[in-house]
Amino acid sequence: MRIGILGPLQIAGAAVGGARVRALLVRLALDPGRVVTNDRLIDDLWPGEPPEHPMAALQSLVSRARREAPGLISSHPSGYLLDVPADEVDAQAFERLARAGDAHAALALWRGPALGGIDLPFALAPAARLEELRLAALAGRIAADLAAGGDVVAELEELVAEHRLREPFHALLMRAMVADGRRGQALEVFERIRARLADELGVDPGAELREAHLAALRDEEPEPRSNLPARLTSFVGRSDDVARIRALFVGRGDGLARVRTLSVGRGDDVARIRPLTGARLITLVGPGGAGKTRLAVEAAATLRVPDGVWLVELAPAAGVRVALEAVFKTSDLVRTLRGTSPVIVLDNCEHLIDEAARVAQWLLGEVAGLRIIATSREPLNIPGETLHPVLPLAEEPAVELLRDRAAAARPDLSPDPAEAARICRELDGIPLAIELAAARLRTMPVSMLVEQLGDRLGFRGSRTSEPRHRTLRAVIDWSWDLLSREERELLRGLSVFSGGATAEAIGRVCGGDLDLLSALVDKSLIALSGDRYTMLETIRQYVTGDLPEIRQAHARYYAELAEAAEPHLRTGEQVKWLAVLDAEQGNLDAAFRHSDDPLRIILPRLWPWIMRGRRHEVIANAATALRRVGDVPPEGRELAHGLCMMAAMGAEPSRAVRESDHPAALHSWAMGIAMGPPRDVVALTEASAQRLREHPDAWTRSTALLVAGIVRFEYGAVHGAEALLEPALDGLRGTGDRWGQWTAYFWLSLAAENRGDFARALALAKEPEPIATELAGLGAPLGPMMFLLRLSQLMMRTGDHAGAATTLERAWQAALRSEDELTIARVTHARAELARRSGDPGAAARLLRGALAMDIDAPPQFRAFMNIELARVSEPAEPSRRALELMATCEDRTARATVLEGVAEHRDPLMAAELLGAARVLRGITESADPFVIALAGRCRAALGAERYADALVRGAAIPNPERYALSSP
């Protein structure tokens, strides 16, 4: 282990001194590989007594830790992380080993009390949790030793003395005493703990103690009867499945007394169990390689029944079809089984499904005490059957399985968690696929395995595996051979869908009927999730072929769907139809890739992309479409071609674009999907608004006004923007378009702020909160982050720092969930502004430098704003210069004004007044109501005198390029 916290802090190759440094490293080690925010670290390391400059103190502490333990701590804009694989921290390795059932190895990692020497409040709960896990693992280890015949009485007597009320240790001590022939002493142990529980806690003994008591009262304990195979590898990720299967068999009532305690091992229970009373037939169904047999054996091993648990394997038996009924359906067997209560695991029924179903129904009818666990790729479909789907593993247990099997194949290997997660996702979480992949790591690096995932069907397994389990291809062959011709054709056709499909879509594209679909679901080759039929990628690779006609039918269907959705996106049904498009995104992308008419598909998708702010997606797909169709627009596709030229090539709007009332055309340049605004953008949009003023559709009229108002605000006569935005908002309210209303409120708030009317700006920003919440699923621009970010900035600018901090924290969490670096940078900029306004310029500077250092494609306006903010909390010359250079070629008038006002703060009074005059012209106002600008203007007037100040304003207003002017006069 590189990092040890199961005892005093231990760092391989480093001696760490200083209690606070050790506390920092321990805090980061509790979340290895994950960012711990600055605020969280400050609260945890200085509880109740933060230093005067907390960010500076934290930075100093991190620097000391890096000197004493190099290479462990990495920075993040929001905090720090321990940059090591989770398994290199002993606490993480301990939990993994404990879950896998290797209690001996897990306990060997302990060197003393967890988080030893750290007495800060943050350490209390993790230390207690780890100690609880240690005690549970200790009980598991002792149970295994007891089952193996070990003498554990003395150890347990010490443990029950130390843990006076811990029932598992007392139960184990009773069992150990019974095994040692000391039944009377075991009963005395029970009476003591029973009395202690009643006196001190007011409770009765739990199920485990009661079972141990019953075992001690019995004269003898028969050995459990079973032919289940012994475990050769750890069992990972199916504890919930095992628990459900057990619960189904137990039924209601005193189930705990009839099913032994679930544990990793099998030898820790010696109680004789009464017959089960729940389900009588449970069929585990799932795709090949999902681990049905292993799960059935593990679940059966947890059951303790009077007449044993027996495994009957159907797959490998020669002539089993004939033998099945001949062996089972005999009067001698029925006479033998009657009056008994065994559990039979009937494994691999799918290739003998009819015979297995008949025999299972006959036996269950003849033998009342019999229970059956069947495994099959489809249900037996007989009365009384209860299905338990065996699904692919979720990411966390899948990664655990991969790392466990990889360590067995190559002990020195510990795959990076991110790479391991990617491998498991690519392999659909199928346990067999993961195990086959892990075996290949014996002979190749992880990076090479990742490259080979596309050839997963050929991965080979153990020499002793059944032939049908030696490769993934063989696993699917087993199911493929059982299909009818019609089922095979439909399954091949389904491979053209991406992300699943509805029954209607499948019927239109492939022609398959519902009965065939149902058969494929029953045979675990596809799955039903909600109203969508889905297919694992591994099965898709197996069945994919050259299907040009079906692919074009698929492309036509989804082009029609996108076209049908577009009108609804302008109404109150907008959110509903956006959800439809979200669900079909994979299919829409696939249709675009394979369509003979890509421009038809891209046109109705442009508007939803614009709503989500997916500028890069628009540009990339537009470029792809142009490569396929060329520079000359096909007949009837002039509008789509023109929009693609604007987006991918930065071309001027074509005539088809200028004259169109299509949503994508209305928003194309205003939403910034082109590389830059076209020439005469203000004239173009206002001409469009004028042309569409009498349009019969209210949404088109209102949206034309909205776009014209946005363009006027950014590039034209700023003061006139509200005259367009306000009627646009009124009209959009009538249509029900949530996105349009949100956008109108946003820009009206900006317009009010431009005048310096922060109260009005704040009110307008708060107005669309219900809409922003409803649109939270549409991506960063419309989700909670942008709404909360705008709100927090206005709160801090109106003096509500506490409210801003609360709102900004919510924005920060939303930004982190988005995993979008530009979004994170925007919130970091706002956090820096709040830090400055709250009196912590050092923290503000660190946040800004971190955001500016991020490798992101940020708009020049945003980079300029960050530099202006940095100039306020550090030496101003260089960031001011960078901000001016960024704005020198920008046409965004209010952004330029903001930068000029920020630069003016650091210039002499004469130039500051001139820059304020230039900013007024850009904003389209005669006098600002912004307190910052008012204060700066007051200082300039006091220094220059009223007359010189007024002259400077006039001169500044006449400067043709004030950014160049400011750059030439430092």
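Notes on the structure follow. Keep in mind that this is a model prediction, so the values were computed, not measured.

### Some points on the side chain of Ser792
Along the chain, Ser792 turns up in helix α39 (residues 784-797). The buried category is assigned to Ser792, whose relative accessible area is 0%. A polar side-chain atom of Ser792 sits 2.8 Å from the main-chain carbonyl oxygen of Leu789.

### Digging into helix α11 (residues 239-250)
An α-helix turns once every 3.6 residues. As a result, residues three or four positions apart point the same way. Spanning 12 residues, α11 covers 16 Å between terminal C-alpha atoms, matching the ideal 16 Å at 1.5 Å per step. Contacts made by the buried residues of α11 are with β6 (281-285), α12 (292-301), β9 (371-376) and β10 (385-389).

### Examining the environment of Glu435
Assignment of secondary structure puts Glu435 in helix α18 (residues 431-440). Overall, the relative accessible area of 31% leaves Glu435 in the partly exposed class. Look past the residues within four positions of Glu435 in its chain and what remains in contact with it is Leu401 and Arg405.

### With respect to the sheet that holds strand β8 (residues 343-347)
The five strands are arranged β7-β8-β9-β6-β10 in an open sheet whose pairing can be described as parallel. The open sheet has two edge strands with one neighbour each: β7 (309-313) and β10. Averaged over all adjacent pairs, the angle separating strand axes in this sheet is 20 degrees, with direction ignored. Looking at chain direction, β6 and β10 are connected through five bridges and run parallel. Within β10, the residue paired with Leu284 across the bridge is His388. Sitting on the sheet, α11 touches β6, β9 and β10, and the angle it makes with β10 is about 170 degrees.

### Here we look at the sheet that holds strand β11 (residues 501-502)
Through backbone hydrogen bonds, the strands of a sheet pair up, either in parallel or in antiparallel fashion. Taken in spatial order, the three strands of this open sheet run β11-β13-β12, and their pairing is antiparallel. Whereas interior strands pair on both sides, the edge strands pair on one side only; in this sheet they are β11 and β12 (527-529). Bridge analysis of β11 against strand β13 (residues 532-534) gives two bridges, and the strand direction is antiparallel. Bridge assignment links Ala501 to a residue of β13, and that residue is Tyr533.

### Side note on the packing of helix α47 (residues 931-944) against helix α48 (residues 946-958)
The interhelical angle for the contact between α47 and α48, taken along N-to-C directions, is 125 degrees, at an axis separation of 6 Å. Comparing their axes, α48 and α47 come out oblique. Relative to α48, the crossing made by α47 is right-handed. In this structure, α47 uses Ala937, Cys940, Arg941 and Leu944 to contact α48, whose residues at the interface are Ala946, Arg948 and Tyr949. A class-by-class count of the residues in the contact of α47 with α48 yields five nonpolar, no polar and two charged.

Conventions adopted
- Residues numbered from 1 in each chain as written.
- Predicted model: local features only at pLDDT ≥ 70, side-chain atom pairs only at ≥ 80, totals over all residues.
- Heavy atoms only, no water.
- Helix = DSSP H or I, 4+ residues; strand = E, 2+ residues; numbered from the N terminus.
- Buried < 20%, exposed > 50% of the residue type's maximum accessible area, 1.4 Å probe, protein only.
- Polar contact = N/O pair within 3.5 Å; in protein donor to acceptor, adjacent residues only side chain to side chain.
- Expected span 1.5 Å × (residues − 1).
- Contact = heavy atoms within 4.5 Å.
- Pairing = 2+ DSSP bridges.
- Axes fitted to C-alpha atoms, helices over the stretch in contact; angles between N-to-C directions.
- Parallel < 35°, antiparallel > 145°, perpendicular 65-115°, else oblique.
- Left-handed = near helix turned anticlockwise from the far one by under 90°.
- Nonpolar A, V, L, I, M, F, W, Y, C, P; charged D, E, K, R; others polar.

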